[in-house]
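Residue-level listing of the chains:
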Amino acid sequence: MRISELMTRDVKTIDADECLRSATERLEASSLGALPVTDHGRLVGLLTDSELSLCSTVHGHDPDITTVREAMSAPLVTCPEDAPLEAGERLMEEHHVSRLVVVDAEHHAVGLLRLDDVASEPLTLLRPGEPLEHLSLYS
């Protein structure tokens, strides 16, 4: 299975220099809980609803003055849309993230792959070509 088969499409981005209030409005209009962040059209980070909440509520930053750049996580973890799902799972595990920005060949955001998307797929005991050695019932 390819990442493009599970990802959520129609992802909106936000510019790094926009204020957190704009980000809040855009996140409320989306059900994804995250916005890829751009700087002059180039992907530079990810702003999640959790980061937004921490920055404006817990840390008391003014949402009309504080920029997305100040609250986003960077560096951004991306994955090509034509990559196998296993590659996305590995990236999430290696980078300890629950969302990946999915990119096309020009490195533009075309989707978002969430841990929830991956977890909704049925588990398989073996991947094609995997040896049976580790499946012993009498370990």
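Placed above this text is the structure.
Residues numbered from 1 in each chain as written. Predicted model: local features only at pLDDT ≥ 70, side-chain atom pairs only at ≥ 80, totals over all residues. Heavy atoms only, no water.

Asker: Give a description of the pairing of strand S5 (residues 99-103) that names residues and reports values.
Answerer: Across the five residues of S5, five count as buried, placing the element largely inside the fold. A two-sided burial pattern is seen for S5, the buried positions comprising Arg-99, Val-101 and Val-103 on one face and Leu-100 and Val-102 on the other. Strand direction decides the pairing type here: strand S4 (residues 78-80) and S5, joined by three bridges, are parallel. Looking at S5, one finds that Thr-78 is bridged to Val-101. After leaving S4, the chain enters helix H5 (residues 85-95) and then returns to the sheet as S5, a path that is right-handed. In terms of strand pairing, S5 meets strand S6 (residues 109-114) through five bridges, oriented antiparallel. Each residue of the ladder has a partner; that of Arg-99, found in S6, is Arg-114. The turn joining S5 and S6, which pair antiparallel and follow one another in sequence, is formed by five residues; a positive phi near 65 degrees is taken by His-107. (Buried < 20%, exposed > 50% of the residue type's maximum accessible area, 1.4 Å probe, protein only. Helix = DSSP H or I, 4+ residues; strand = E, 2+ residues; numbered from the N terminus. Pairing = 2+ DSSP bridges. Right-handed = clockwise from strand over helix to strand, strands pointing away.)

Asker: Lay out the nonpolar core in plain terms, naming residues and giving numbers.
Answerer: In this structure, Ile-14, Leu-20, Ala-23, Val-37, Leu-47, Leu-52 and Val-68 are the most contacted members of the largest nonpolar core, which totals 14 residues. For this core, the elements supplying multiple residues, two or more each, are helix H2 (20-29), strand S2 (34-39), strand S3 (42-48), helix H3 (49-58) and helix H4 (68-71). Considering each element in turn, this core owes the most residues, three residues, to H2. Once you skip the residues sitting within four places of it in the chain, Ala-23 turns out to touch Ile-14, Leu-35, Leu-47, Leu-52 and Val-68. (Core = buried A, V, L, I, M, F, W, Y, C linked by side-chain atoms within 4.5 Å. Contact = heavy atoms within 4.5 Å.)

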